[in-house]
Every structure is written in structure tokens, then in C-alpha cells.
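Survey of secondary and tertiary structure
Next come the chains, spelled out residue by residue.
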Amino acid sequence: MRSPKDFFAPLAVGAPEPVREIPALPSRMIHFFDPSNEKMAAKVPDIAKKVDVLLGNLEDAVRADRKEAARNGLVTIAKATDFGGTQLWTRVNSLDSPWVLDDLVTLVTEIGDKLDVIMVPKVEGAQDIHYVDRLLAQLEARAGLTKPLLVHAILETASGVANVEEIAGASPRMQGISLGPADLAASRRMKTTRVGGGHPGYLVRTDPTGEDLNAGRTTYQQDLWHYTVARMVDACAMHGILPYYGPFGDIRDVVACEDQFRNAFLLGCVGAWSLHPVQIDIAKKVFSPAPADVAWARRVIAEMGDGTGAVMIDGKMQDDASYKQCRVVAELADALAERDPELAKAYDEATKEALA
């Protein structure tokens, strides 16, 4: 067992010091692209202007015979592109694959100065993070990096869910965790072939009103992922890292996608994956607090003063707890406003009206 005093010590001679606090940068959407796809690669400079996070994907959705092309393509794109304020992430292959070692060695030594976060799939426990943590430190030292790369785990096995708290606290590098519903469903032997979202068979039904057990009974579809997302959010909050909803696979059903993203947002997630450009605006809309909510939060903060005691605002009691809730909304709005001028204007106008 490592001493707590050593937790923030570099794991290799010459590696940069670990961060003590994860930067809460806007990451409403993590937009995936395949670096081996020339058409996708050509669109990267334009898409980078529209998203908070751009992720070069090397794992699922990249065929085995295209793995090297994807890895080399990401290196080329990263070196040639000015990403501005957009973060560049990558998802490497799983730790049990024959490609992951080359992924990490190549990317850290070639473009470690351009990458912000490395997403690690199918994390089953703290031991997986410990392996990546030490290897990254060695590679950072070799490459002469001055800023440590952060690590993002995907929760997509039953073991990962069972160990989510230890995963979240396994390293100072831990930036966040995403739900990976498809692989998790397979790991749990869930009887769904959908990638995220609900299922019409997973429902509750109102009680019967007479002898006919089928008459007049309304059904309500339930969220298959509520428990997992809530547990993931708690683990992330406990360790000061960020939770994300993962993919929503039905690209055409933009309504259900928005619903699923909003459920995750209300539970505490800060963003979700976008697999297609149509999902970028959905994530931007959902994971940005509404101007009316921001205005209300700022009004409560202003009237609460030092945040103690209780006040009545429009007939609603506000106290220390609601003050903290409002600070969460207001601080997120401030961070997003720095990146999005249109959003900043909308927030300011709504706040002026609320405080008038």
C-alpha cells in the first residue's frame, strides 16, 4: 500500500507532477471521430470549432486491419491542427488487446503535448488505472512533457461497476468516468441490443381497476441505466472527478437522445458522447443550463448573501442547501459563458431581467 504522502508524487523520474485538482473545463460533448477515415479527418478542423472535446477513436468501430492507420492518422491530425480552446482526447484500445501498448507509446511520445485526456475502455478495477498511471509517467519522462496527461475510464463491465469507487480514486490522473452501455449490457447478460436509451419491455404498470387485468392500465417505460449512472455520479463526486453519459446509438431518434442526455444531466453528468454531428447541438443544449435557471440561481445567490440562514423568494424557501445547488448551476454557467459568447449574452440578459 502506498503512503498517502506519496499519492501526488510522480511515478517516474523526470515525469511531471500530478495535478491536485481536475480542471473543470466545458465538456458537454465528447465528439468521436475515426482518424483512419479520410473523410472524417478532413472535417476535423471545422468540427473542432463546434465541440468542447474532440476524441480520436482507436478502439471499437475501428476494424482490426485499420488500427495502425487510425493511430498514425491521429498523430498526423494532431500535429497539423490548431484545436484552439477545444480539448483533444483519444480512446485507446482495451488493456487486453495487442494494440494498446503501441497506442500509448506512440501517442504520448509523438503528440503528448497536444493530448489532454486518454480514455481507457473496459476498466475493471483500480489495478487497470495503476498500470496506465505508471506507464504514462515513464512515457511522459521520455518525451519530456511538462504537463501530465489525464485518464478517463469507461464503465462497461460488471466488475467495473462493482469497483467504480476505487476506480474513481485510483490516481490523481483520473479526470472522469463515462457509462459504456453496450459492453456493460453484454457483460451483465442484459437482454437488450440497444446502445443506450430505454427499452419498451422495461416498464411499470398501474394497478388494475377491475376484474379485467388488461383494461385501463397505463404503462411507463423505465430507464435501464438509472442505477448505474447514479452510482457512477456518486463515485465521481466523492473523488472530485467528472461523470459522463456515453453513447446513444439511435442517431435518427433525436428526441429520445435528448431525453436520455437530459436524464444524465439532471442526475449530475457534465456531458455525453456525440457519435454523429446531429448529436452535437443536442448535447450543447442539454448540458448547458437554461438561461431562466441560471437567472434564478444568480438571484438566489445574490439574496442569500453569505449563503447562511433562510430567505423567502417568490414564496419559495431558500436556505444553505438550495444556495449550494444554485452555486453548482451558476458556476457551470460561468464556465460555459467564457467559451460561448451567445450563451453568455443569453445568461446576462435573463439575469438582468430577474434582478430588475
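Scoring rules and cut-offs
- Residues numbered from 1 in each chain as written.
- Predicted model: local features only at pLDDT ≥ 70, side-chain atom pairs only at ≥ 80, totals over all residues.
- Heavy atoms only, no water.
- Helix = DSSP H or I, 4+ residues; strand = E, 2+ residues; numbered from the N terminus.
- Contact = heavy atoms within 4.5 Å.
- Pairing = 2+ DSSP bridges.
- Axes fitted to C-alpha atoms, helices over the stretch in contact; angles between N-to-C directions.
- Buried < 20%, exposed > 50% of the residue type's maximum accessible area, 1.4 Å probe, protein only.
- Right-handed = clockwise from strand over helix to strand, strands pointing away.
- 1 Å grid on protein atoms, 1.4 Å probe; cavity = no way out; pocket = protein on both sides within 12 Å on 5 of 7 lines; lining within 4 Å.
- Points joined across faces, edges and corners; volume = space filled by probe spheres on them.
- Nonpolar A, V, L, I, M, F, W, Y, C, P; charged D, E, K, R; others polar.

**Here's the deal with the environment of Glu17**
For Glu17, the position within the fold is in the segment before β1 (29–33). Along the backbone, Glu17 and Lys147 are 130 residues apart, and their C-alpha atoms lie at a distance of 7.7 Å. Beyond its immediate chain neighbours, meaning those up to four positions away, Glu17 contacts Phe8, Pro10 and Pro148.

**Here we look at the sheet that holds strand β5 (residues 150–155)**
With respect to topology, eight strands assemble into a closed barrel ordered β1-β2-β3-β4-β5-β6-β9-β10, the strand pairing being parallel. Shown here is a sheet whose adjacent strand axes are inclined to one another by a mean of 25°, direction ignored. Seen against the sheet, helix α4 (residues 126–143) touches β4 (117–120), β5 and β6 (174–179) and runs at an angle of roughly 155° to β5.

**As for the side chain of Gln279**
Within the secondary structure layout, Gln279 lies in helix α10 (residues 278–286). Under the relative-accessibility criterion, Gln279 is labelled buried at 1%. For Gln279, the contacting residues outside a window of four places in its chain are Phe248, Ile251, Cys257, Phe261, Trp273 and Ser274.

**Observations concerning the pairing of β4**
Side chains Val117 and Met119 project from β4 onto one buried face, and the interleaved Ile118 and Val120 project onto a second face that is buried too. Bridge count between strand β3 (residues 87–91) and β4: three bridges; the pairing is parallel. From the neighbouring strand, Arg91 faces β4, where its bridge partner is Met119. As for the winding sense of the linkage, the β-α-β connection from β3 through helix α3 (residues 100–111) to β4 is right-handed. Sheet analysis places β4 next to β5, joined by four bridges and oriented parallel.

**Regarding empty space enclosed by the protein**
In this structure the tally under the stated criterion is one cavity of 30 Å³ or more. In this structure, the largest cavity spans a volume of roughly 90 Å³. Ala9, Leu11, Pro18, Asp133 and Arg173 are the residues nearest the centre of the largest cavity, which is lined by 14 residues in total. Looking at the lining of the largest cavity, its residues break down into ten nonpolar, one polar and three charged.

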